[in-house]
Structure formats: C-alpha cells, structure tokens
Protein chains: 4
Amino acid sequence: MKKQGIKIVTIGGGSSYTPELVEGFILRHAHLPVRELWLVDIEAGREKLEIVGNLAKRMVEKAGVDMKIHLSYDRREALPGADFVTTQMRVGLLDARIKDERIPLSLGMLGQETNGAGGMFKALRTIPVILDIVKDIQELCPNAWLLNFTNPAAMVTEAISRYTDYKRAIGLCNLPVGLIAAFANLLEVDSERVSMEIQGSNHFVYATDVFVDGESVFDEMMNQYIANEANETMTNIHGIEFSSDFIRGLGAIPCSYHNYYYHHSEQLEAQLKEYEEGAVRAQFVKDVEDELFELYKDENLAVKPKQLELRGGALYSDAACNLIDSIYNNKGDIQYVDVPNNGTVSSLPNDAVIETACIITKNGPKPIAIGEFNPEINGQIQMIKTFERLVVEAAVTGSRAKAITALNLNPLIPSDDLANKVFDALLEAHLDYLPQFA
Amino acid sequence: MKKQGIKIVTIGGGSSYTPELVEGFILRHAHLPVRELWLVDIEAGREKLEIVGNLAKRMVEKAGVDMKIHLSYDRREALPGADFVTTQMRVGLLDARIKDERIPLSLGMLGQETNGAGGMFKALRTIPVILDIVKDIQELCPNAWLLNFTNPAAMVTEAISRYTDYKRAIGLCNLPVGLIAAFANLLEVDSERVSMEIQGSNHFVYATDVFVDGESVFDEMMNQYIANEANETMTNIHGIEFSSDFIRGLGAIPCSYHNYYYHHSEQLEAQLKEYEEGAVRAQFVKDVEDELFELYKDENLAVKPKQLELRGGALYSDAACNLIDSIYNNKGDIQYVDVPNNGTVSSLPNDAVIETACIITKNGPKPIAIGEFNPEINGQIQMIKTFERLVVEAAVTGSRAKAITALNLNPLIPSDDLANKVFDALLEAHLDYLPQFA
Amino acid sequence: MKKQGIKIVTIGGGSSYTPELVEGFILRHAHLPVRELWLVDIEAGREKLEIVGNLAKRMVEKAGVDMKIHLSYDRREALPGADFVTTQMRVGLLDARIKDERIPLSLGMLGQETNGAGGMFKALRTIPVILDIVKDIQELCPNAWLLNFTNPAAMVTEAISRYTDYKRAIGLCNLPVGLIAAFANLLEVDSERVSMEIQGSNHFVYATDVFVDGESVFDEMMNQYIANEANETMTNIHGIEFSSDFIRGLGAIPCSYHNYYYHHSEQLEAQLKEYEEGAVRAQFVKDVEDELFELYKDENLAVKPKQLELRGGALYSDAACNLIDSIYNNKGDIQYVDVPNNGTVSSLPNDAVIETACIITKNGPKPIAIGEFNPEINGQIQMIKTFERLVVEAAVTGSRAKAITALNLNPLIPSDDLANKVFDALLEAHLDYLPQFA
Amino acid sequence: MKKQGIKIVTIGGGSSYTPELVEGFILRHAHLPVRELWLVDIEAGREKLEIVGNLAKRMVEKAGVDMKIHLSYDRREALPGADFVTTQMRVGLLDARIKDERIPLSLGMLGQETNGAGGMFKALRTIPVILDIVKDIQELCPNAWLLNFTNPAAMVTEAISRYTDYKRAIGLCNLPVGLIAAFANLLEVDSERVSMEIQGSNHFVYATDVFVDGESVFDEMMNQYIANEANETMTNIHGIEFSSDFIRGLGAIPCSYHNYYYHHSEQLEAQLKEYEEGAVRAQFVKDVEDELFELYKDENLAVKPKQLELRGGALYSDAACNLIDSIYNNKGDIQYVDVPNNGTVSSLPNDAVIETACIITKNGPKPIAIGEFNPEINGQIQMIKTFERLVVEAAVTGSRAKAITALNLNPLIPSDDLANKVFDALLEAHLDYLPQFA
C-alpha cells in the first residue's frame, strides 16, 4: 500500500451510515492514515450523497485530520488507485425492503431480510450489481480489498467467490461483534478480552466456543446461559428466550436471527400483527432515516449524531474500520468475517462462503480450521447453505426454477404453492431491478 | 448357510403383514427353500399370533411346501440357528401410533410417523428394544442377517450401526419399490427393467437418476414429470402435485413423504381437519387391521386375502423376500436398502444410515458410490440426518435435551416452546415404553 | 444401440493382440452380435495391419459368423456410427518401449513400463494422441464407449477425465482378471464364483477383500497366503515372495507390479543384469511379436494361434469382450476397470482415475463405494496418484518442471540429479513423438 | 495459571540442551515469570543431571532472577502443580542413536533418525515411555501443557493423540524456526517480519507460502530460490541443491530432511562412506556432548557456553520458550507446531498429527485451515503419514507385522527382505528398551 496514505472508495456513500464510517477513520487516523475517501452513489441518490458528503467534510475539518472527501456519481472515476472499496448500497432503496417484508407477510409468511423470500429478492437485486462492481475493480484497482457490508452478505460474497476470479472480497456484518459484546457483558469482562469460535453462515451463526484471554469459558457460559442468567443481556428479537434443554442439547449458542426458525410461529404471529397495523420494521427504519437526514442537513453539525446509534447496525462501521486497520497494519488479530470456505469445513465446497473466525493480516483473512461442523448444528447450516447457493445461481442465471426450489427448501416458506405465489408477487414488485428475469 | 434349508425368525410375527411374508416364501420356495419359519411375539400379542400363525400353517399346507411354522413367545428360544431375522414389531401397538399422530395435532403440528414428533417417539420406544434383540442375535445366531422393517427404519438401523458392533443389520422399506413401480408405469415398461439412483434417508429420498435396462432415461422422465403427465400415476399423499419449476430446479424427484415438507401448510390443514373429525390415519389403519384379523380367523382361509393389499405397505413383504433371495442366492442385483454410509457419500459420517442403491450378494448389500449429494438436495438431507442422529442419541441415552434440540431443528415443529410442550405430552402418554426417560 | 448389430472400431488394429479380440467376438457372437469390426492403424503399420486383417477375415469366415472386417488408415473414416472404440496402439512401437526400459537402466534405475521413468514417457507419447482420438469420437460418434487398453491405462484414462468432457472412456487391464484367476486357482473354485474388492490405481492395486459366491473368504485366504501356500500359484515377477509379516501388517494382497517397489533392490539388480546381457523384457516381447507375425502370415491359419497366449497380456481381449458384453447386454455384473473416482474414495479428487470394482450396465461402469482407502495402503496409493497426476499435466502442457517433479516423487528414481538426467536422455530418444516438449 | 509464577518440569533434564532452556527463561523472566524449574532425569543420568543442574543454578544466581532450580529422579514427585512439562529425554541415550544409524548402514540403507529404520526404532523406544508420562500428567497435573521435543516428534505426539484422551500435548521442532530464519536471511528482512504456510509432518514439511509483514512474497522467493540465489543461505544437509525444474514443478520449498528422499542415492553414498570411516553423525554428536559436559563442570561457568550453539538443534529452546510465552501471555501469534489435524487438512484423519501454522493463545494452538494439501506434494505427505501411523501402532501394540509393513512402505528401505533383516538386527540391539516386542 502506498506510503502517502490510504485511498478508500465507498459505494453507496450516500447511506445514513456514512458518518459513522467517517468518524471511524478520524478516530484511527494516527495509525490508519486515510488520505482520500471517495463517496460514490448513483444519480438517483444525489440529494442524500450531497447531504452526507457535506457532513463528512465538516467532520473532517473539525477533527483537523488530513483526509480529503470526494463525491462522485461514477465509480469508474473513483476506483483507480483505491486500496479498499466498501459497498453499502441498497439496490431499490428502503422502499424495496418494505416490499420484501410486506409482500411475504401478505401471503402469510415471514419475509426475513436475509434468508426468507425477502432476503432472496434482496440477493437477486444486489448480486448482478456487485458482480459489475467487481469487474470494474479487477480492471481499475485489482489489488484493492473489497469489504462488502451489503446484505445478504453471505450470498453476495459467495456470488463473487463462485462467479469471478477476484480473491480479495470479504463480507462483514456487525452480528459477530454484537455477540462478542453480549458475551463480554455477561461475563463482566472487557470485550477486547473475549474471542469465540463461530460456525455457520451470515445471520445464521452459532457460537460454539467462547474465550476470555484465550482460555475457553464455554462450559461456564453455557451453564449461565442455560440458567437464564444470560437472557437479560442477550437481547433477542422480540425478547423471546430459548429453552434450557434446547441450548443444552445444541451445545452451542444461536444468534438472534435464529429466532425466525426456532420461534417461527411466534415471530410470524408478531410480524403479522405489525403488518396488519402497517408497521413493519423496514418502515420504522425508513422513518429513522428520514429523521437522520434532517439532522445531517444542519450546517452546524460536524460530528456523528447520537441518533445514528439507534439505527441498528450500529457496529458496522467499527467492524469495517477494524478490518481495514488489521489488513493495513498487518495486525494478525482474530475477526469474524464472510470468506470462501477453502477447506475450513470439510463438508462444504471450497467456494461456499461461511462466517468464521479469521486471522487478519496484510494477506487478508485466513480462517482457523474447524474440520466439521458440530453434529448438532450441521444439518441446519447445510440447509441454509443449500438455500443460499441456489439463490446465488438464480441471481446470476435468472432461473425461476432455481429460485422456486430455494424457496421450497426453506423452512420459512409454508408450501410449494405459496413459494410460487410469493415469487411471482415479489418479481412483479421488483421487476425494474431484476433484468435477469425479464 | 445350511444345505438343509433356511431358518427364518420373524419378531412381531403376530402382525397383520405376516400372511404376505408367508405367501412370499411359498412362491419362492423352489429356489429359496425356507424350512423353518418362527413367528415370535410378546405375551400381550398371543391372540393375534395364534390367529396369524394358524393361517400361516393352513397356507403352507395348502401350498404343499416343506416349510414348518413355529410360534414362540420367547425370542431366545427361536433365534439359535437362524439365517435371517426379520423385525416388524410395533412397540405399544397401533394405540401408540394413534397418540403419535393425535397429540402433535392437538398442539397444531403434524405428527408425521417418521420424522416428526410422532416419528421421534416411535424411535424412542423402538430403539431400546431393537438393541436388546441385536444383543440376543449376537449371542445366539451371530451370522444371521437382520432385516428391519420397523419404522422409522433409518433411525432404528442407525442405532444398531452406532451403538453395536453387529454388521449384518439392513433396514428396508417399500417406498423405493413403490417408486420403481410408479416409474415403470409412467414409462410403460416392466418394472424389472427399471432401476434408479436415490439419495437421502428412509422416507426422505429423492430419485436422482432412472434407468431402463441400465440406460438413463432421467432427462425424458423429468420432462414428462414436469409436464404433469407423470402425476396421474405418481400418486402423492392427498394427491397434491409439485410445481414444475420446483422439480426442474431440484433436478430430482421427491418422494411422497416430502409432501409433509413441501406442502407443509396444506398437509397440516388437511390433517387438522381429519383430527377434528376424529379420523387420523392411524385410526383408519387400526380399523383395517381389526377387519383383517376377523378374516384371518376363518378356518377356511388358506391364502393371503386380497384385502391385505389395501393395508398400505403392500410391497414390504416383496422387498423382504427379494432381499433374502438375493443374499441367499448371491444374485448381485440392485436393491434399495438402509445401510451405514461407509463413504458412499463423503459429507456424512461412516456410521450414518442412508437409503441407497446397493448390490446384493451373499456378503450383504454393497452401496454404489455417490460421492456427494446433489447440491440442490444436500441441505435437506443433512438436516433430516441431523434430526435422526439426535433422536437416536436421545433414544439410547434418555437425554431430554437431545430430543428437544432434535425437535427444534425439524421444520415441522413450529417453535421451541411447542417443541417442549409436544415432548412432554408425548412422554407422558408413552411413559410405560420409555424407561430410559424415567 | 442399433438393432442391426454392433459396430466396433479398434485403433491400433495391427497389434498382435487383434486375433484374440476377433476370437472373443466370434465366441460371443450369439448374444453379442458384432456386425462390423474396423481395424484402424497408421500408414507406418500398414504391413502389420494387412497381415492381421487378413487373418481376422479368415477367422471370421471359418467361424461362419456374420461379422464384416474393415481395414482403414484413417480413423475419421472408421468412427461414424461406432458403438465401441477400443484403443490398443503403441505410439513409437516396441522400439520406443525398448528405449523406455534401456535408458533408465543405463543410468542405474528401473524403467518400469507403467510408473517409472519409462512409463512416464509412454504416457507423454500417448496422451496427446488419445486426446485427439477423443476429439474425433466426440465429433463423429459421441455415444460410443471408448475402451482404452493402451498403457499406462490409469494416466491415459485420467487425461481424458481431466482434459475433456467426454464421459464414456473406460480404462482396462488384464491384471485384475489375472488376480481373480490366481485366487480361484488358490481356492480351488471356478473363477466365475470369485469376486474381490481392489483399491488403487492401474498396475498398483491391492486386493482388500475376496469373495466366493459373494461371501468373503478374505481372512482364510490371507492366512493361506501368509502361510506361503499361496505362492506357488500367485506367480510373481521373477518369482520373489513377500514376507508373511509384510502381508499380515498390510492386511491386503499386493499385485505383481508392487515387486518393483517392495523388492526394489532385487528387481533392479536382476534387470541390470538383463540389461548388461542385452536382454530386456521389451526386446523379448519384440522377438515374440516378430514370430507371431510370421505365423499370422500363414494363409492356412484361420484361428488364433496358441503362441499368442505366451505373449503376456493374455486376458486383455477377454477383459474387453466381457466389458462390451456387459454394457451391450446390460448385465449388471462386477468388473474391475479404470474410471474417474467420483467420490468412490473421499480423499482423491473426483476426476482422478482409479482401478476399482464396478457394476457394469448399459449406463457404463458404476463403482461400488469404498469410502477411504485402508489406512495401511493409503499413503502408497496417494503417492502413485500424485505421480500420475503430475505426468498427465506434463503430457498435456509440455511442462518439463512437472515431469521432473513427478520423477522426484517416485521411489524408483534415486535422486533429483538422476531425474534430470533420465528425463533428458529419454526426451532426446523420443523427441519425434513429443511435440509438446519441442 | 497461578499468580505466583510458573512451574516448569523438564523430563530429560540432564540433557546438554538444558542450559539453553535456562537461558531462555532468564531472558524472558520479566514477562514470563518462571518460579520453579524442575529438572528430572533417571538414575542412570544422575551424573549428567548434577552437572547440568549445578550450571543452571549458577546461571540463575548470576542473572539474579527469582527462579528455583530443583533436581529430581522421580517425575511423580516433580509433576504436581506443573504448568508446563517439557520432554527432551532420549531413551537409550546417544549410544542407541549410534546403533540406529550404524545398523541400517551396515545393511546398505540410510538409518535416518526420523523416518527411516533408525527413526522407527527411536519411536518404538520412546512412545511407551511418553505414554507413561502422559498417564502421570493426567493424574498429577491434568491442566499442564506438555511440550514434546523428543524425536520423532510427529510420531510421539500422534501416539498421545491416538492412544490417550489428553488434549494438551504439543510437539515442536526447530526446523520451522530455521526455515523462517533462512527465508529472512534470503529476503534480507528481520525474521520477526516473516511468516509462512507449511504443509506436512515433522521433518517432512514443505513451505507453500511465505509472507513478509503478512503479505505474500512467495512468487518472488520461488523465483529467487529457483535462480539458485537462495542456495547459499538455505544450507542443506551435505550442501546438495535441488534442481530448478523440480522446485518449479513442486511449487513449494522442501526442507533439509527431504534430501534423504530427493537425493537418496547421494545421501546414501555419503553416509556409507562415513560409516566405513567409522564416523556417523551420532558419533560426532556424542563427541560434542562429552566436550560440552566437560565445559559445564567448570564451576566458574555461569552462562550458556557458545559451543552449545554448534550442537545442532540450536533453536529448540527458543521454540519452546516462545511457545510457553505465547500460551502464558495469550499472545495470539503464529507458531509452527505438531498438533492433531482436526480437520485442518480434509484428507487426513482428525487424530493424525501434522506440523502446521497455528495461532497460539492461552487455549493452546489453533491451526489455520489448509483444506487440501497442494496436489504436487499430497502423495509424499500421505506416504510418510502412513509410515508414521503404522509405526505408532507397532510401538503401542508390539506388532512386528505393522513394523515390517511400515518399513516396506518407506522409500528409504530397498526391499521387503532387507526390511525384515534391518528390523531383526535393530530389535536385537535395542531389546532392553522394547519390552512390547518381547
């Protein structure tokens, strides 16, 4: 990497998350000298990008760091010379997410932004775009690392792994960092001291070991978790707890997204109620965003506003900055990212993307060997990976058949008949963003 | 095997199926000289065994074959010298199956006799008994082959594979033979000419290739199946058809039990309706059985009555007789049975039992290599195997935790909360047969 | 396959083996109606082809079967409409083999026609030719089965598996049939009753189980073999026997080619002596061939002469005829052929070719699952497969580096220095046949 | 670990290496507070232990650190409370090693202290002793980490992995550290900045990637190595270089022990010459040792004498101290140690010990995933692991058959006949130390 400092290109730069990212770079500037930050967006997002870009400029100026903010509506202008590219775009914006959630609910099933019918359509919209971005990276800045925040991170990253020969894409998510924080809280130790083994895919990971200062405390933690002491701090979606025997038999700690599977009926009931009241989560998120942009416009604002932390996804920027930091500074620490399996687990293909503990050096992430998934969770992870692999194939080839098969294999979809119905309804709603199915 | 003829011991000999088995041996007597058939049952089944046993004796006498029928209430008396042992007992009888179906439905979920909560309890009741039988076989007739008909066949056979060192257990089911028959019908050829590749576990297999005279006709068949021409003859449970795109994307033909998964909502609705009307399938089966035993009592009856064919499981006896025939006569033909994986599929442990195409010789079944499950179905099969493995462990160790975890991982169970509830309700109902959970 | 009878094309038709093949087809004509046999050779082999072709015609005429013999010097003329293609050509003729043996011996190492430096060069000469033949088959008779006799059979077949998408190539060798015959002899039973499990690669297979009428007799056989009773009938090269403890510890029966590895020093000494006396095996074979062709010229000869059986490779034609028979007649019997691994053994890639027990039907050979090589022999087989894979790559790409590495990894090659020397000497000797290294 | 400082027990404490270990602990005392160092040896080694022990005491006193040296002739007295146990004993002393080298040479083959006939007998002598030590550790200090220096490290560590349930044994060797040093020298960077990927087993590893500051420099290094620039600094045994094409085709850098395989004939010739001159390496080592003990006796000596560095194995103590340091201080750095595979490589069993890059934390070493061995080296590594696994089994069970089979599979052993001869000669020579073969 260049001695004169780092160049970063953020695609989807007009996102409400950007101020967090900017703050992250400012705080780390002493050892992570970002000199250029290019915020790139599409024409349709010009208004937001200008608001966010101006805020970013004010933040940098106030902090007095030597970091230049560039705004661009043409990624090919921005990419040359980039050291890192981050992607946080949302194809179809929040309106598309609202449809992803509401349409499945209208047919009596969970939309689920990652692995349900809604998540599938997010993948179908996003994958062709990300593959185009990778093509540009390979041409214009082939040594840059791509950090993909865009959900569903596993499928998006796996599409790159399977359909390009670009080897520097890393998916990342704030969920693992959140697990670490929750475990630290529960164990009453500083989160820097906590590490873990996780097994699974993005938004579908289980913690299978937890360490404090490198020493396993998993058995104690499991006992504590089982004894329900854990539940106060392990906030789950809608606050539903797992039964002791389930966790004991599982021998692992599920993540919050597992609620959709292991509390399927309760989640469905709750979301149907929200749906009937017109209040799905995507709508809530949209309202928060509108409010944030109002704040961002304020020319006196020159720091990240507190309200952003309520937005959800709060630690995303931390995850990204830490990953960039460890690569740039060759830290050799452990982070939890989405990377091609490459033998980490013997029962998945090498090109399947998993979320797993990696050593991060200048050479990128190197996964710690797992060998085989724990037998108690192997089936569920394999099931979700089959779903993901079919969706990736459908996204690239435009095969309705692969998409329908993926839906049928997913426990959140109640039947073949409804799989066909929900697919058709979502396809119609999103047709503008799905040229491969035209 | 002894020159003087074959000795067979049938545990659960009082079953209504027995006349079919007897007929099978009579028809094959020229090349499969069964000289002794021991029908063994427990004291509680004495009445039925006597009825069935007497019918069997009349059948043999009428056919004029040299086969001696013995009735016994002590398997240790029967086993010495046995060449083949068949198990077709039903721990807790049909009353238990009625509970297996009704109790889950009372909580709003499918019981599903193989892989649902009901099937789990059938496994929990049966596995300790089968392990005891194997212990006796290993002591009294260690070279005998055990043919297990008792459902859930995959779990029962896997319990033997994992918890004993007896290597001569084979699970078998009439479903694959039924698939062959349906394919033959569809292709308008004699079923002897049809063979197939299947992937999966008992009651959860997919046909992934179909051959006529050894030549693959799969692509044509799939097209025909997709074009719906297949559906008339491929009778599915409740007659629901799969969508063309699902089958096309799957690249494989599901079996009838897959209706419980891919038509989950419709199946549930239909069975809840039956439940409310007091008419679950187990009750229907029981009524048919009662009727059959009335027929069997008729001292003028000396052949298998036609009505038995309506009973379901019609081809079981054929499956068993053919397997015994091929082992005894070292036929080297292909049959579809439940055996330890032993590397047939690389992503499952060696001791996991799969249902697969095997060459049958005097040395028993040898599976044809598969390598890896097709990527489109890998996840579902892995999921069901994880369920099965946990249930087997729960059955042997009496671990409520493993049982609850198994239920949670099963797509038929709507939530952790209901998993706990249905377990407790079924445990209470079946406690007499579940000493390991006492 | 066509109702009007089978068309077979034999490339390298001028081989001295051809009369055996013709005899094989004559004997099986009732159920294997070969109507056309095309014997194809290159211009340089015109004299031999005419001699052999005329003998073939006389044999057919004498037998009175309806089989037409065609001679051709252009395989593209012969291939259209072929049902089976057999390849038995020898690129560079026996003169090349003499060099393959003599040049390594001149440098103090075994040439070894399959896996040593000599075998490597046979592969380097043959693989480009076979890939051209496959290209023609794919164009002119894509549904034909290719039966490759040409040594080294594993490498030649693996080249097709890895560098083409043609799926109907089968390698075959008379060694497994010879093992069966030896076991039958030892066990004093008819060889039809004997079958086995083998593990390994061509000319490097171990028998890991032996059955009579499908029942394993391996333990008895091993004891007998260990007790040296086996050795009289198990003729080994130069008659050297393996020690009892070696066989006992191995838990498997090596093949005659293993002498080169496990009796390395004795084999080397013996061959060096032969070499100094000017009498390598290839020279002996050449003398026999010359004699045979003299016989073949005799216009009164209309049957396969007895002397051919002394030629070595006596059962090759039987192996080929049986394989064709089982495919054509969909026999479903077990034969031992060279096919892509496709998961038969989990620790080798799918495209690696192994020699293994297969069920033979109209759909071709389907391997019986092995799972993992026995731990006692895994290392040796992996070692030879690494050698073979590197040689295949060298043959296709013309990489001297891959060839040198292959030689270095081979236990028959004494050192890196000699690996380089023997490669250069053989390359110079065979340069006309190795355009890829030019 | 205890707040009051670390307790270390060194079995084979009378070794000439001990002063290096003591120096290592003195130098690291600030952050690695070793409070007790127990040097344990057998009665026969009393004289040496006293000499070394007194030197150690003088060294500690001179350095002024708070570390107590204890001498003991009963490991059960020493073990309670130990945090780390290191094993560096030599069963049969250097006299045994002289036999390990001379006897095979007398029969015309390399003894090879690790993987040849000599190394096999070192394993046969050592493994029963190490298993006894582990039994004591499990009883007296079950949470202690065992660092095994004793050669052959792979086999000794694998014996623990396969035949005990103790999970805290780590094998280690100075060879990887030596590779790092050589690479650093070649690249002209500080060795702290260099890391690598290695594949293989102890004394049989290949470097498959090399990093400076985490960034791969492998391609440049390979080119430099191939261009022979590397050879001056990559000192190989007897200074023989590998050919460029061999290395290019291998795509990996062999280690010095590979000379025994890839320069087999030259190594054998050179050692036979030494043997005839009565000067095998073990004899040389013994002379150096005698000299060292003379030096150690000097009561004025209170530091590690320079001459020890000539001894060979110079960096062993560094390797050990660094490993203890990283475990104690939870460093999370990468070290190269011998650990059970546990899925690091999918084609080896989980309990097979490999030498591989691991992250070292308080929880011990965690291997970085490899997936599959590079195809060019897979065969050789599998071959050596098969040898090692058979030797381990022979050592535990006393099976002559397994030992003979292991020798036969080893490329250094010229024939089955000589395998039997060398085994018998070595067995007779070492019988006192091989009760399992009595």
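Report on the accompanying structure. (Residues numbered from 1 in each chain as written. Chains lettered and ligands numbered in written order. Predicted model: local features only at pLDDT ≥ 70, side-chain atom pairs only at ≥ 80, totals over all residues. Heavy atoms only, no water.)

**Considerations on the overall build of chain A**
Here comes step 1: The secondary structure content of chain A amounts to 16 helices and twelve strands.
Here comes step 2: Expressed as lengths along the three principal axes of its C-alpha atoms, the size of chain A is roughly 55 × 55 × 40 Å.
Here comes step 3: By the burial criterion, 64% of the 438 residues in chain A qualify as buried.
Here comes step 4: Counting only carbon and sulfur atoms, one obtains 48% of the accessible surface of chain A, whose full area is about 15300 Å².
Here comes step 5: Each charge sign in chain A was given a centre, from 40 positive and 62 negative side chains, and these centres are 7 Å apart. (Helix = DSSP H or I, 4+ residues; strand = E, 2+ residues; numbered from the N terminus. Buried < 20%, exposed > 50% of the residue type's maximum accessible area, 1.4 Å probe, protein only. Areas by Shrake-Rupley, 256 points an atom, 1.4 Å probe, with all protein chains shown as cover. Lys, Arg positive; Asp, Glu negative; His and termini not counted. Charge placed at Lys NZ, Arg CZ, Asp CG, Glu CD.)

**Quick look at the pattern of salt bridges**
All names here are of chain A.
Here comes step 1: Summed over the entire model, instances satisfying the criterion amount to 112 salt bridges over all chains.
Here comes step 2: Note that arginine 35 and aspartate 66 form a salt bridge whose closest N and O atoms lie 3.5 Å from each other. Placement of arginine 35 in strand 2 (residues 34-40) and of aspartate 66 in the loop between helix 2 (46-63) and strand 3 (68-72) is noted, with a sequence separation of 31 residues between them.
Here comes step 3: Residue class for arginine 35 comes out partly exposed when judged on its relative accessible area of 30%.
Here comes step 4: Overlapping salt bridges bring together Glu158, Arg162, Asp351, Lys385, Glu388 and Arg389 as one network. (Salt bridge = Lys/Arg side-chain N within 4 Å of Asp/Glu carboxyl O.)

**Quick word on the relation of the copies chain D and chain A**
Here comes step 1: Once chain D has been moved 0.0 Å along the axis and rotated by 180°, it coincides with chain A to within an RMSD of 0.0 Å. Such a combination of turn and shift is consistent with a two-fold rotation axis.
Here comes step 2: An overlap of 100% is found between the interface residues of chain D and their copies at the interface of chain A, pointing to a shared contact surface. (Least-squares fit on C-alpha atoms with pLDDT ≥ 70 in both. Contact = heavy atoms within 4.5 Å.)

**Examining helix 8 (residues 218-226) of chain D**
All names here are of chain D.
Here comes step 1: Among the residues making up helix 8, those that are buried are Phe218, Met221, Met222, Tyr225 and Ile226. Angular distribution of buried residues about the axis of helix 8 spans 130°; they occupy a single face of the element.
Here comes step 2: Buried residues along helix 8 sit in contact with helix 7 (175-187), strand 8 (204-212), strand 9 (215-216) and helix 9 (244-250). (Arc of directions from axis to C-beta.)

**Focus: the relation of the copies chain A and chain B**
Here comes step 1: When chain A is brought onto chain B, the operation consists of a screw motion whose angular component is 180° and whose axial shift is 0.0 Å, with 0.0 Å RMSD remaining.
Here comes step 2: A shared interface surface links the copies, since 100% of the contact residues of chain A are contact residues in chain B too.

**Some words on the environment of B:Ile384**
Residues and elements named next belong to chain B.
Here comes step 1: Structurally, isoleucine 384 can be placed in helix 14 (residues 378-397).
Here comes step 2: Between the C-alpha atoms of isoleucine 384 and serine 201, which are 183 residues apart in sequence, the distance is 7.8 Å.
Here comes step 3: Contacts of isoleucine 384, omitting those with residues within four sequence positions, involve Asn115, Ser201, Phe204 and Tyr261.

**So, the packing of aromatic side chains**
Here comes step 1: For the structure shown, the criterion picks out 36 aromatic pairs over all chains.
Here comes step 2: Judged by centre distance (6.0 Å) and plane angle (50°), the ring pair of B:Tyr257 and B:Tyr260 falls under tilted.
Here comes step 3: Among the aromatic side chains, those forming a connected cluster through ring pairs are A:Phe121, A:Phe423 and A:Phe437.
Here comes step 4: Taking NZ or CZ as reference, B:Arg168 lies 4.3 Å from the ring centre of B:Trp145, over its face. (Phe/Tyr/Trp six-rings, centres within 6.5 Å; stacked < 30°, edge-to-face > 60°. Lys NZ or Arg CZ within 6 Å of the ring centre and 35° of its normal.)

**A few points about the sheet that holds strand 9 (residues 215-216) of chain B**
All names here are of chain B.
Here comes step 1: Across the sheet, which stays open at both edges, the three strands sit in the order 7-8-9 with antiparallel pairing between neighbours. Sheet topology places strand 7 (194-201) and strand 9 at the edges, where each strand pairs with a single neighbour.
Here comes step 2: As defined by bridge partners, strand 8 (residues 204-212) adjoins strand 9 across two bridges and the pair is classed as antiparallel. Directly across from valine 212, in strand 9, lies its bridge partner glutamate 215.
Here comes step 3: The sheet strands contacting helix 7 (residues 175-187) are strand 7 and strand 8, and the helix crosses strand 7 at an angle near 140°. (Pairing = 2+ DSSP bridges. Axes fitted to C-alpha atoms, helices over the stretch in contact; angles between N-to-C directions.)

**Overview of the pairing of strand 4 (residues 84-87) of chain C**
Residue and element names in this part refer to chain C.
Here comes step 1: What you see with strand 4 is no split at all: Phe84 and Thr86 on one side and Val85 and Thr87 on the other are buried throughout.
Here comes step 2: As defined by bridge partners, strand 1 (residues 6-11) adjoins strand 4 across four bridges and the pair is classed as parallel. Within strand 4, the residue paired with threonine 10 across the bridge is threonine 86.
Here comes step 3: Bridge count between strand 4 and strand 5 (residues 145-148): four bridges; the pairing is parallel. Residue pairing across strands places valine 85 opposite leucine 146, the latter belonging to strand 5.

**Some details on the interface of chain A and chain B**
Here comes step 1: Taken residue by residue, the interface counts 38 residues in chain A and 38 residues in chain B.
Here comes step 2: On the chain A side of the interface with chain B, the three residues burying the most area are A:Asp245, A:Leu409 and A:Asp416, jointly 17% of the side's total.
Here comes step 3: When the shortest N-O distance is used, the salt bridge between B:Glu376 and A:Lys402 registers 3.1 Å.
Here comes step 4: Seen at the junction of chain A and chain B, the total is 26 residue pairs in polar contact (both at pLDDT 80 or more). (Buried area = accessible area lost by both parts, 1.4 Å probe. Polar contact = N/O pair within 3.5 Å; in protein donor to acceptor, adjacent residues only side chain to side chain.)

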